[in-house]
Amino acid sequence: MIERYTRKAMGDLWSLENRFAAWLEVEVAVCEAWAELGRIPAADMAAIRDKAGFDVARILEIEETTRHDVIAFLTAVEERVGPPARFIHLGCTSSDIVDTAGGLLLGRAGAMILETIDGLLTVIEDLARRFKGQLMIGRTHGIHAEPLSFGMKMASFYAEFSRHRERVATATEGVKVGKISGAVGGYAHLDPRVEKIALARLGLAVDPVSTQIVQRDRHAAFFTALALLAGGVERMATELRHLQRTEVLEAEEGFSKGQKGSSAMPHKKNPISAENICGLSRLVRTNSLAAMENIALCQERDISHSSVERVIMPDSTILADYTVARLAGILRNLKVNPDNMARNMMASYGLFYSQRVLLALIEAGMDRQKAYEAVQRVAMACWEGRTSFPEAVRADAAITAKLGAAALDALFDPGYYLAHEDLIYSRVFGPAS
């Protein structure tokens with residue numbers, strides 16, 4: 001992924017040098033396992049520990065001839081270690097190293113993403129608590145529906161991202177798997193104890209039955225979890241974009257000193273951060289399809305998955321980390337406008353009370369369809385005439401024949417819509433909320 005969308009820690013994880021370092025970590029762990037079982041003499045194991053290393057430039061130079069990156073890597077390491085290097089890669093095939101290192105790197109990337117999600121959840125919870133009770137109009141199909149609080153809107157996102165976190169955590173555990181089982185997974189030239197010892201050292205689970213590779217359904221689950229996370233990022237970013245529309249302006253992204261919104265129009269303050277992460281989220285979802293295509297490989301393996309993963313492993317994890325962090329940054333600096341929320345609530349002339357009137361008429365004994373028609377008739381007249389719905393209801397003979405003045409007054413209390421806010425918060429944040 002380009003540097004513009006890469007946070008340093010995650011970018012460093014996927015550097016070529018760190019990739020080779022993960023391979024070396026696996027190779028040394030396998031050697032340690034052989035040494036524990038008595039296959040590698042102590043002096044040779046000490047030399048491997050002391051001297052095993054590599055130079056990226058040298059690996060790339062060798063690969064120009066070998067056209068095989070693992071062999072180039074092993075050759076470069078052997079040049080440094082000397083004679084004891086004969087024990088490195090003992091009984092292994094390339095995928096033992098590459099796939100096990102992949103489990104290491106994806107596990108570490110997943111842990112970083114989980115930490116970033118935790119940061120986002122903290123910011124969302126803060127907004128939910130600060131704006132509990134702050135009424136605003138809810139919208140369905142882009143049209144005024146009924147009121148809710150801005151805090152409840154944030155609580156909804158908190159609950160969703162908690163689910164995303166759970167899925168990413170589960171998928172990360174599922175991909176923290178390695179295999180040191182040889183060319184077709186049958187341990188022909190290996191001892192299964194080597195795999196168990198080496199993977200325990202690396203903090204990875206043993207794939208119960210591998211072929212020449214770790215099966216790619218694990219990876220597809222991981223990238224699908226990231227895709228769902230990206231869907232959540234885009235859902236929230238899309239909502240923030242709507243709230244920043246000139247006609248709405250219930251919330252605004254931070255706008256720093258010296259920032260410019262348009263090369264042509266000096267007045268512009270555009271929702272560029274929210275738009276940016278909407279676009280990047282689409283890449284993460286697209287990459288999950290490539291991960292699913294990687295599941296169906298030929299027989300015990302082919303390498304059609306390899307080229308795909310060189311792209312999607314770094315790109316999807318980098319973008320997931322970046323978009324979640326940038327979303328947290330938007331929310332951390334979000335300007336919330338309660339006055340505009342109050343103004344917008346009344347922009348539809350109190351029509352959001354329509355269901356309350358409908359239900360009150362039904363409870364007073366009116367047939368549901370007749371009650372619906374009576375309320376709709378008043379509501380449509382108010383919309384077309386731009387007049388107050390509560391006042392029109394009080395003036396309508398068919399409605400007042402069923403509902404007295406006191407009953408009508410009780411219907412037009414906006415606080416009614418927050419009656420169960422505490423219950424919702426307790427479900428999301430726990431009983432103390």
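These remarks concern the structure in this document. (Residues numbered from 1 in each chain as written. Predicted model: local features only at pLDDT ≥ 70, side-chain atom pairs only at ≥ 80, totals over all residues. Heavy atoms only, no water.)

1. Observations regarding the overall build of the protein chain
Our working definition: Numbering goes from the N terminus for both helices and strands, where a helix is a DSSP run of H or I of at least four residues and a strand is a run of E of at least two. What the globule rule says is 2.2 Å times the number of residues to the power 0.38, and the radius of gyration is computed from C-alpha atoms. Exposure classes here rest on a 1.4 Å probe applied to the protein chains alone. A residue is buried below 20% of its type maximum, exposed above 50%, and partly exposed in between. When checking whether two residues touch, look at their non-hydrogen atoms; a contact exists if any pair is within 4.5 Å. Accessible surface area values rest on a Shrake-Rupley calculation with a 1.4 Å probe, where residue burial reflects the displayed protein chains alone. All tallies of charge rest on Lys and Arg as positive and Asp and Glu as negative; His and the ends of each chain are not included. Lysine's charge is taken at NZ, arginine's at CZ, aspartate's at CG and glutamate's at CD.
Scanning the protein chain from N- to C-terminus turns up 18 helices and six strands. Its C-alpha atoms give the protein chain a radius of gyration of 30 Å, clearly above 22 Å, the size a compact globule of 433 residues would have. The principal-axis extents of the C-alpha atoms in the protein chain amount to approximately 100 × 50 × 40 Å. Looking at the 433 residues of the protein chain, the share that counts as buried comes to 50%. Counted over contacts in the protein chain with a minimum sequence separation of 6, partners at least 24 positions apart contribute 76%. Approximately 20700 Å² of the protein chain is accessible, and the part contributed by carbon and sulfur atoms is 54%. Taking the 50 positively charged and 54 negatively charged side chains of the protein chain as two groups, their mean positions are separated by 4 Å.

2. Observations concerning the packing of helix α4 (residues 56-66) against helix α5 (residues 69-81)
This is how the line gets drawn: Axis lines are fitted to C-alpha atoms, over the contacting stretch for helices. Their N-to-C directions set the angle, which ranges from 0 to 180 degrees. When an angle is under 35 degrees it counts as roughly parallel; over 145 it counts as roughly antiparallel; between 65 and 115 it counts as roughly perpendicular; any other value is oblique. By convention, the crossing between two helices is left-handed when the near helix turns anticlockwise from the far helix through less than a right angle, and right-handed when the turn is clockwise. Charged means Asp, Glu, Lys or Arg here, nonpolar means Ala, Val, Leu, Ile, Met, Phe, Trp, Tyr, Cys or Pro, and polar covers whatever is left, Gly included.
Axis separation between α4 and α5 bottoms out at 8 Å; the angle between their running directions is 130°. With respect to α5, the axis of α4 lies oblique. For the pair α4 and α5, the sense of crossing is right-handed. The segment α4 lies against α5, with R58, I59, I62, E63 and T66 engaging D69, I71, A72, F73, T75, A76 and E79. Looking at the contact of α4 with α5 residue by residue, the classes come out as six nonpolar, two polar and four charged.

3. Examining the pairing of strand β1 (residues 135-140)
Using the following cut-off: Following DSSP output, two strands are said to pair if at least two bridges run between them.
As judged from the five bridges shared by β1 and strand β2 (residues 143-149), these two strands associate in the antiparallel manner. For R139, the partnering residue across the bridge sits in β2 and is H144.

4. Quick look at the packing of helix α2 (residues 16-36) against helix α3 (residues 42-51)
Taken N-terminus to C-terminus, the directions of α2 and α3 make an angle of 165°; their axes are 10 Å apart at the nearest point. In terms of orientation, α2 lies roughly antiparallel with respect to α3. The two elements α2 and α3 meet at a crossing, and its hand is left-handed. Listed contacts from α3 to V28, C31, E32 and A35 of α2 are M45, I48 and R49.

5. Some points on the pattern of salt bridges
To keep it simple, the criterion reads: Put simply, a salt bridge is a Lys or Arg side-chain nitrogen that is within 4 Å of an Asp or Glu carboxyl oxygen.
Enumeration according to the criterion identifies 28 salt bridges in this entry. With its nearest N and O atoms 2.8 Å apart, the salt bridge here joins R310 to D69. Taken as a pair, R310 in helix α11 (residues 304-332) and D69 in helix α5 lie far apart in primary sequence, 241 residues in all. We classify D69 as buried; its relative accessible area is 11%. Among the charged side chains, a salt-bridge network with shared partners connects R19, D69 and R310.

6. Some thoughts on a nonpolar patch on the surface
Keep this limit in mind: Note that patches include only residues with greater than 30% relative accessible area and no salt bridge, and the join distances are 9 Å for like charges and 5 Å for nonpolar side chains (Val, Leu, Ile, Met, Phe, Trp, Tyr).
Residues M1, I2 and L283 make up a contiguous nonpolar surface patch of roughly 260 Å² in combined accessible area. Here L283 is to be found in helix α10 (residues 272-293). Its relative accessible area of 42% is what places L283 among the partly exposed residues.

7. Section: the side chain of N337
Let me state the cut-off plainly: A 3.5 Å cut-off defines polar contacts: any pair of N or O atoms within that distance qualifies, except that in protein one atom must be a possible hydrogen donor and the other a possible acceptor, and neighbouring residues in sequence count only when both atoms are side-chain atoms.
You can see N337 is positioned in the loop between β6 (335-336) and α12 (338-345). Owing to a relative accessible area of 11%, N337 belongs among the buried residues under this scheme. Looking at N337, its side chain comes within polar contact range of the main-chain oxygen of L249, at 3.0 Å. What N337 contacts, discounting residues up to four positions off in sequence, is L249, E250, A251 and E252.

8. Quick word on α5
So the rule is basically this: One fewer than the residue count of a helix, multiplied by 1.5 Å, yields its expected span.
Spanning 13 residues, α5 covers 18 Å between terminal C-alpha atoms, matching the ideal 18 Å at 1.5 Å per step. Looking only at α5, the buried set comprises D69, V70, A72, F73, L74, A76, V77 and V81. In this structure, the buried residues of α5 make contact with α2, α3, α4, α6 (94-130) and α11. One or two positions beyond α5, positive phi appears at G82, with a value near 85°.

9. Things to note about the environment of G365
Relative to the assigned elements, G365 resides in the loop between α13 (354-363) and α14 (368-385). Residue classification places G365 among the exposed residues on the basis of a relative accessible area of 56%. Taking the C-alpha atoms as reference points, G365 and K402, separated by 37 residues in sequence, lie 8.1 Å from one another.

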